[in-house]
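The primary structure of each chain is shown beneath.
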Amino acid sequence: MSGHSNYEPKTGIERWLDTRLPVVRLAYDSMIDFPTPKNLNYWWTFGGILAVCLGIQLVTGIVLAMHYVPHVDHAFASVERIMRDVNYGWLIRYMHANGASMFFIAVYIHMFRGLYYGSYKAPREVLWILGCVIYLLMMATAFMGYVLPWGQMSFHGAVVITNLFGALPVVGEAITTWLWGGFAVDNPTLNRFFSLHFLLPFMIAGVVGLHIWALHVPGNNNPTGVNVKSKEDTVPFHPYYTVKDGFAIVVFLILFATFVFYNPNALGHADNYIPGNPLVTPAHIVPEWYFLPFYAILRAVPDKLGGVILMFGAIAVLFVLPWLDTSKVRSMRYRPTAKLYFFIFLLACLVLGYCGGQLPDNHVIPGLSTFKLGDADLNSMVWLSRVATLYYFAYFLVVLPVLGLTETPLPLPESISEPVLSHPANAPAGAAASPEKRG
Amino acid sequence: MLRKGIALAALGLAILAAPAAQAAGGALPPKHVEFSFEGPFGKFDQAELQRGYKVYREVCSACHSMNLMYFRNLGQKGGPFYDAKYKNPNDNPYVKSIAKDYQIKDIDSETGDVIERPGTSADKFPSPFPNEAAARASNGGALPPDLSVMAKARHHGPQYIYSLLTGYKNPPAGLKVGVGQHYNPYMNGDVSAAWSGPHDKVPPGGFIAMAPPLAAGQVTFDDGTKSTLDQQAKDVAAFIAWASEPKMEERKAFGMAAMIYLFIFAGLLYASYRKIWKNVAH
Amino acid sequence: MADTVAGANPDTHAAGDDPNRRDFIHIAAAVAAGGAVAGLAWPFIDQMNPSGDTLALASVEFDLTKVEEGQQVTIKWRGKPLFIRNRTGAEIAKAIGDDSASMPDPQKDEDRHKPGKAQWLVLVGTCTHLGCVPTFGGGDYGGWFCPCHGSHYDVSGRIRKGPAPKNLAVPDYTFLSDTKVKVG
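Draft legend 1. Examining the environment of B:K54 more closely. Residues and elements named next belong to chain B. Turning to its location among the elements, K54 is positioned in helix α2 (residues 46–58). K54 sits 44 residues away from I98 along the chain, and the two C-alpha atoms are 11 Å apart. Beyond its immediate chain neighbours, meaning those up to four positions away, K54 contacts V59, V219, T220 and D222. In terms of polar contacts, K54 uses its side chain to reach the backbone carbonyl oxygen of T220, at 2.6 Å.

Okay, structure coming up:
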């Protein structure tokens, strides 16, 4: 797949460049001629959508940095100055703030697609791990970006997250002091977060480059999970997937625009429009929605260190997933039992997200106050998150390893083209009847 | 499969977004009140903004700063005193005359002395107190919050401001209200410590240091609108909503053009996509 | 494009396709993509233009009684120096006397001050060559001398010698009263 190139330089300049720096060849091979399975569905368009998200965040972020002042006395007002006085500043800042949420929506769909279709399995382990690295970098970037407006949620969010490191034995306190550059979250913290918030997206872009490289070595997985067998199974990336990805990107941008123009603060938190005040904590402190599942896991454990370990463990387990899943079948289309567990896993993640946004003692079923076991109120968000946390880890550590050895998958198709052609709704008239004509 | 997935994703989004919408504490949800600026086509009502500014100026500004606001903002596009004749708000004579009524502290460039000079359109709204300590000292220890972005700093901001201003109530029997405190069911907070009644019947809301600020007839509206408490509260809520989001009209207008463009663009791409994939079995 | 499909889809040119319509829809989509990028580019360019607060501070008032005859005061206006010079009778006479001399950017002295206010010269204090600040009273003509590349200005602020192409700029200003000017 890789190694062979169909690029033929047409003009003298192209030939001249091609013998010196074959960038046009690289672009041609990876974005135009790249053989792509022809059965990719819309879940596969999120890679392209994520590239657009990263681009939007980079461009808007660089522009915002031209106007933002990283100082505790000026940060809040400088963000509002962007909103009020800078030409189109409101547009750029709302694009950046909502863009973060859009980025995470897309990355979660992208990850669940990978989980469902087994895109992490051999030979794509490195591709998957690079994706996990990107996700980790995204979380760090998003967290530090949220601190920059220096509102109440920014400030106290920074306090809570940096204090997580205080849970580490022996070195915890030294590390938090080092992170803060002082004895509390203050101006030195804001300055370094601004610096790192500027740096990390470029690291993300770098790892994205590796991620795409690692994608182009084995080529795309596909909804059947069956390897590409012949040219019959593929189409060139351009124009087939440029237009399909393009369409999906524009549909995604419509969702994005709905938030930016008509509900720009819906995904944020009202308290963050109150300037940061170290003396008063907001009544109900929650992270941004994309961190809620991890926040729920953190709070599900009554022990500080245990909570932190479990929370980081929830991300760490993703890194070793390729070796936890013992099944040779990639796509869950052909693993009916695993499919069921997968959807419960998806539900568990949503439940964790929901619990993360609620007060731990809130009742799951309102009005039912007698469901007790000893001192514990089982009808509480904290117990619901415990159940969901348990399932989260069980899915990776028990279900996937065991199921691969015990389940009986459905028969796999011979090739990508086989189910495509036998699917009457998708086959064009005549094509299904005489596939051999399509030489 | 796709449709089911989209439905699932939408459901997930709804669940995840839900916590953001719920307010902390046991306050009553804000009263429902219709504002002209709601919805995708909503615009600020200039007469209402003018009345609201008068309420802010004559009542609120005695204690509440708006330190992100400049006088020029009053004359900018969409603002209370915008005049199409003066595209540059700094030239707007009405804005200039408002600014001139204020004495602004400055430094004399020759002598270095602290002086007061008449305001210009480039000046900020002056703060009622020189610093936070002074503000607290004059208000029984409570700090009157800055109102510049108040409508964004509370859930359902404009409705909340209106409800709070019109929602003062006599405390129910069994609720002990401290000196310099007032009971308001729309205020965030928890009054259970001051409640001697049954535990499951704690009244909603909280205590607020601000005495009911508005009363019928307190502000005389220049346009002849009847000056009821309700009218004042609604108008000042609208004014603060505008001050919090002065580019809202521009945003919605830009958004409408962007949405129409995106829908046409999506349609074209879909047609192109169908054409290209027409003869591929997939 | 179809040539590169390499065996996968040889029937993209199947009979019944209207090539014109196909071309149109693809071109329209590509044009729409270009339009979207171009349309969004403007906000990202315009954000670097002066913002609302910067524009608001763009005018300044000045009390002329602070300048003694034969002296100048330099104030900051839009981030640049502004020369306000109170000229002596001899200087004015000299400037008018030079009106017909040959110079790179000929201008009469009376065009460089407000009518009836020959005493007051208000100039943007940046050399028209490359933006340095000329020194007061220097040079061969008693006006200003730019130390960077040796431009000589006379007491009317006109360029007389050196590389600068234009006279020192006169900003928009008005007399609010006999002793007060508003610049900008």
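Draft legend 2. Representation of the domain arrangement of chain A within the structure. All names here are of chain A. Taken as a whole, chain A is organised into domain 1 (22–285) and domain 2 (293–414). Averaged C-alpha coordinates put domain 1 and domain 2 at centres separated by 24 Å. Listed per partner, the contact involves 36 residues of domain 1 and 35 residues of domain 2. The junction of domain 1 with domain 2 conceals about 3000 Å² of combined surface from both sides, 69% of it contributed by carbon and sulfur atoms. Run the count over domain 1 and domain 2 and you get one salt bridge. For the salt bridge of K121 with D325, the shortest nitrogen-to-oxygen distance reads 3.0 Å.

Draft legend 3. View of empty space enclosed by the protein. Residues and elements named next belong to chain A. Summed over all chains, the structure comprises five cavities of 30 Å³ or more. The calculated volume of the largest cavity comes to roughly 840 Å³. Along its surface, the largest cavity is lined by 41 residues, and H96, A97, G145, Y146 and H197 are the ones closest to its centre. Every element with two or more residues in the lining of the largest cavity is listed here: α3 (46–65), α4 (75–84), α5 (89–116), α6 (125–147) and α9 (187–216).

Draft legend 4. A look at the packing of aromatic side chains. Throughout the structure, instances matching the rule amount to 58 aromatic pairs over all chains. On the basis of an interplanar angle of 45 degrees and a centroid distance of 5.0 Å, the ring pair of A:F247 and B:Y270 is categorised as tilted. Taken as a pair, A:F247 in helix α10 (residues 237–262) and B:Y270 in helix α8 (residues 248–277) lie in two separate chains rather than in one. Residue classification places A:F247 among the buried positions, given a relative accessible area of 13%. Pairing A:Y391 with A:Y395 gives two aromatic rings, centres 6.3 Å apart and planes at 35 degrees, and the pair type is tilted. In this pair, A:Y391 and A:Y395 both sit in helix α15 (residues 381–406), four residues apart, roughly one turn of the helix.

Draft legend 5. Quick look at the sheet that holds strand β4 (residues 120–124) of chain C. All names here are of chain C. Ordered by their spatial adjacency, three strands build an open sheet running β2-β3-β4, and the pairing between neighbours is antiparallel. The sheet is open, and its two borders are formed by β2 (72–77) and β4, each paired with just one other strand. Direction aside, the axes of adjacent strands within the sheet are offset by 20 degrees on average. Judged from the five bridges that link them, strand β3 (residues 80–86) and β4 form a sheet pairing that is antiparallel. Bridge pairing links N86 to W120 in β4.

Quick notes on the rules
- Residues numbered from 1 in each chain as written.
- Chains lettered and ligands numbered in written order.
- Predicted model: local features only at pLDDT ≥ 70, side-chain atom pairs only at ≥ 80, totals over all residues.
- Heavy atoms only, no water.
- Helix = DSSP H or I, 4+ residues; strand = E, 2+ residues; numbered from the N terminus.
- Contact = heavy atoms within 4.5 Å.
- Polar contact = N/O pair within 3.5 Å; in protein donor to acceptor, adjacent residues only side chain to side chain.
- Domains from an automatic or database assignment.
- Buried area = accessible area lost by both parts, 1.4 Å probe.
- Salt bridge = Lys/Arg side-chain N within 4 Å of Asp/Glu carboxyl O.
- 1 Å grid on protein atoms, 1.4 Å probe; cavity = no way out; pocket = protein on both sides within 12 Å on 5 of 7 lines; lining within 4 Å.
- Points joined across faces, edges and corners; volume = space filled by probe spheres on them.
- Phe/Tyr/Trp six-rings, centres within 6.5 Å; stacked < 30°, edge-to-face > 60°.
- Buried < 20%, exposed > 50% of the residue type's maximum accessible area, 1.4 Å probe, protein only.
- Pairing = 2+ DSSP bridges.
- Axes fitted to C-alpha atoms, helices over the stretch in contact; angles between N-to-C directions.

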